[in-house]
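The primary structure of each chain is shown beneath.
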Amino acid sequence: MTKDALAYIGLGSNLNDPVVQVTYALEALGEIEGISILETSQFYTSPAMGGPADQSDYVNAVAALKTVLSPRNLLQKLQLLERLQGRTRGPRWGPRIIDLDILLYGDRIIDEKDFQVPHSCLHQRAFVLIPLFEIAPDLIMPNHGKLSRLVDSLDSDELQLVRN
Ligand code: ROI
């Protein structure tokens, strides 16, 4: 029997009505065979952090899911979803319709050229850490330790809840 893993996925969009895009991606994610969504954070909005400054604000969320898919397999499904949702290749860190990242996959550490888990920027990004903390306040992460400690060290107050 294949064992389920608990994985956390980050979602982000800053094009074509970002709230609609993130909502759609969450629905589509839950329909993939081998994935079930356990919990979803609220939606947060913030200016683009760490990329070209002249782009629209982002909407971000984090989902906890149970999956029987391997990390690589899960990554492939996320990339397929991104393409189906109309994402095209643009400049690095440029605007995008939807971005789906594996943040964590159980206790696994993966360090391959094209694929790192925990996500290589996880520990620096308020738009990931804050929604993650909302749904998993007690999380202890491989490589990084307590999530609460990382959240405490953030000096960003740029994240706002999306009211709906
Ligand atoms: N900034 C925010 N606020 N949200 C994102 O999802 C996001 N994604 C990115 C870059 C451009 C680094 N900045 C972001 O890829």
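In the block above lies the structure referred to throughout.
Please read all numbers here as calculations on a predicted model, not as lab measurements.

What counts as what
- Residues numbered from 1 in each chain as written.
- Predicted model: local features only at pLDDT ≥ 70, side-chain atom pairs only at ≥ 80, totals over all residues.
- Heavy atoms only, no water.
- Helix = DSSP H or I, 4+ residues; strand = E, 2+ residues; numbered from the N terminus.
- Rg over C-alpha atoms; globule rule 2.2 N^0.38 Å.
- Buried < 20%, exposed > 50% of the residue type's maximum accessible area, 1.4 Å probe, protein only.
- Contact = heavy atoms within 4.5 Å.
- Areas by Shrake-Rupley, 256 points an atom, 1.4 Å probe, with all protein chains shown as cover.
- Lys, Arg positive; Asp, Glu negative; His and termini not counted.
- Charge placed at Lys NZ, Arg CZ, Asp CG, Glu CD.
- Polar contact = N/O pair within 3.5 Å; in protein donor to acceptor, adjacent residues only side chain to side chain.
- Near = heavy atom within 4 Å.
- Nonpolar A, V, L, I, M, F, W, Y, C, P; charged D, E, K, R; others polar.
- Salt bridge = Lys/Arg side-chain N within 4 Å of Asp/Glu carboxyl O.

### Details of the overall build of the chain
Consideration 1: When helices and strands are counted, the chain shows four helices and ten strands.
Consideration 2: For the chain, the sequential pattern of α-helices and β-strands runs β-α-β-β-β-α-β-β-β-α-β-β-α-β.
Consideration 3: A compact globule built from 164 residues should have a C-alpha radius of gyration of about 15 Å, and the chain, at 15 Å, falls within 12% of that.
Consideration 4: Expressed as a percentage of its 164 residues, the buried residues of the chain come to 46%.
Consideration 5: Contacts in the chain between residues far apart in sequence, at least 24 positions, make up 68% of those at least 6 positions apart.
Consideration 6: For the chain, the accessible surface area stands at approximately 9,100 Å², while carbon and sulfur atoms represent 48% of it.
Consideration 7: Within the chain, the 21 negative side-chain charges are centred at a point lying 7 Å from the centre of the 15 positive side-chain charges.

### So, the side chain of R96
Consideration 1: Relative to the assigned elements, R96 resides in the loop between helix 2 (71–84) and strand 5 (99–105).
Consideration 2: Looking at R96, its side chain comes within polar contact range of the side chain of Y58, at 3.5 Å.
Consideration 3: The contact partners of R96, leaving out residues within four places of it in the chain, are S13, N14, L15, Y58 and R87.

### Topic: the site of the ligand
Consideration 1: The immediate surroundings of the ligand are formed by S46, P47, A48, M49, Q55, Y58, N60, W93, R96, R125 and F127.
Consideration 2: The contact in question runs from a nitrogen atom of the ligand to an N or O atom on the backbone of M49, over 2.7 Å.
Consideration 3: At 2.8 Å from an oxygen atom of the ligand is found a side-chain nitrogen or oxygen belonging to N60.
Consideration 4: Protein burial of the ligand: of its 350 Å² of free accessible surface, 98% is covered by the chains.
Consideration 5: Its residues assigned to classes, the shell around the ligand comprises six nonpolar, three polar and two charged.

### Remarks on the pattern of salt bridges
Consideration 1: In total, this model carries six salt bridges according to the counting rule given.
Consideration 2: With a closest N to O distance of 2.9 Å, D114 and R72 form a salt bridge. Of the two residues, D114 is situated in the loop between strand 6 (110–112) and strand 7 (115–117) and R72 in helix 2; the sequence distance between them amounts to 42 residues.
Consideration 3: In this structure D114 comes out as exposed when scored by relative accessible area, which is 55%.
Consideration 4: A single salt-bridge network, built from bridges that share partners, covers E82, R87, R96 and D99.

### Observations concerning the side chain of Q21
Consideration 1: Note on placement: Q21 falls in helix 1 (residues 18–30).
Consideration 2: A relative accessible area of 12% means that Q21 is categorised as buried.

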